[in-house]
Amino acid sequence: MKTIVFGGTFNPIHLGHLYLIHTLAEQTDYQRLILLPAREPVHKSYREQVTQEQRLDLIYCGIEDYHRYYAQDRKMDIVVDTCELTRDAASYTYMSVTDIYQRYDIDGTLGVVVGDDLVKDLHTWYRFEKLISLVNFLVITRENEIDGRDELPEGIDCQWIVVDPLKVSSSHIRELLYASAGDIQELHALLSDGVLDYILDHELYKEG
Ligand code: ATP
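Anyway, here's the lowdown on the structure attached to this text. The shown structure was predicted, so the numbers you read here are calculated from the model rather than taken from an experiment.

## Quick notes on the site of the ligand
Part 1: Around the ligand lies a shell of 16 residues, among which Phe10, His14, Leu166, Ser170 and Ser171 are the nearest.
Part 2: One nitrogen or oxygen atom from the main chain of Phe10 is found 2.9 Å from an oxygen atom belonging to the ligand.
Part 3: Here Arg174 contributes a side-chain N or O atom positioned 3.3 Å from an oxygen atom of the ligand.
Part 4: Surface burial for the ligand is 79%, taken as the share of its 610 Å² of free accessible area covered by protein chains.
Part 5: Of all the secondary structure elements, the ones that give two or more residues to the shell around the ligand are β1 (3–8), α1 (15–27) and α6 (170–178).
Part 6: In terms of residue class, the shell around the ligand is made up of 6 nonpolar, 9 polar and 1 charged.

Okay, structure coming up:
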């Protein structure tokens, strides 16, 4: 299957992520999307309150919500791969990519989603030369913003995905929940229903 990898911390998964999945369904012909949750850095103060399992549960809720909200989208298989959560040592995209090539039946070249803010530093990534020979980058660029096309290191295969990004980030959502300041209307505008219900039911992102 033609496959694309979309990594992130997804802490929590929000409407911006679902909208990006929708955009990938619209603008590409990949048949499978692998969501690749990253391990959270240990310095974050709320880390004890949200376990990896809960973060994964939230991702699954988000995928269900995506299928309901964007029921008209071209069908893509969406799976979650936990290789970065279970890896003991430091995790690099190159390792996940080679791992995924071994464990999945991939047609053609694996796609990897990256934000355009990362483009200029791609050459510093672990085993960059090998990595670029293995993948196509799908660079997410925001409408009306100067993108990184001029900064793209040579020899990189990439496709530009233009999104009209929603003003939402996981960190803002965590702040709202942590401060207990998030009025429910505001949270509804940032999170899908299943994800918000799970967060409220389990009282996540609260002060411990
Ligand atoms: P945080 O606020 O904790 O840094 P985040 O909201 O940026 O988190 P991540 O899980 O780090 O979420 O995001 C992974 C990727 O998802 C990003 O690199 C970006 O490509 C994409 N993304 C995140 N938020 C949006 C958004 N609002 N619109 C479009 N794409 C987004």
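## Section: helix α2 (residues 52–69)
Part 1: Taking 1.5 Å of rise per residue, 18 residues should cover 26 Å, and α2 covers 25 Å from first to last C-alpha, within 8% of that figure.
Part 2: Taken together, the buried positions of α2 are occupied by Gln54, Arg55, Leu56, Leu58, Ile59, Cys61, Gly62, Ile63, Asp65 and Tyr66.
Part 3: Lining the buried residues of α2 we find α1, β2 (32–37), β3 (77–80), α3 (83–86) and α8 (193–201).

Parameters at a glance
- Residues numbered from 1 in each chain as written.
- Predicted model: local features only at pLDDT ≥ 70, side-chain atom pairs only at ≥ 80, totals over all residues.
- Heavy atoms only, no water.
- Near = heavy atom within 4 Å.
- Polar contact = N/O pair within 3.5 Å; in protein donor to acceptor, adjacent residues only side chain to side chain.
- Areas by Shrake-Rupley, 256 points an atom, 1.4 Å probe, with all protein chains shown as cover.
- Helix = DSSP H or I, 4+ residues; strand = E, 2+ residues; numbered from the N terminus.
- Nonpolar A, V, L, I, M, F, W, Y, C, P; charged D, E, K, R; others polar.
- Expected span 1.5 Å × (residues − 1).
- Buried < 20%, exposed > 50% of the residue type's maximum accessible area, 1.4 Å probe, protein only.
- Contact = heavy atoms within 4.5 Å.

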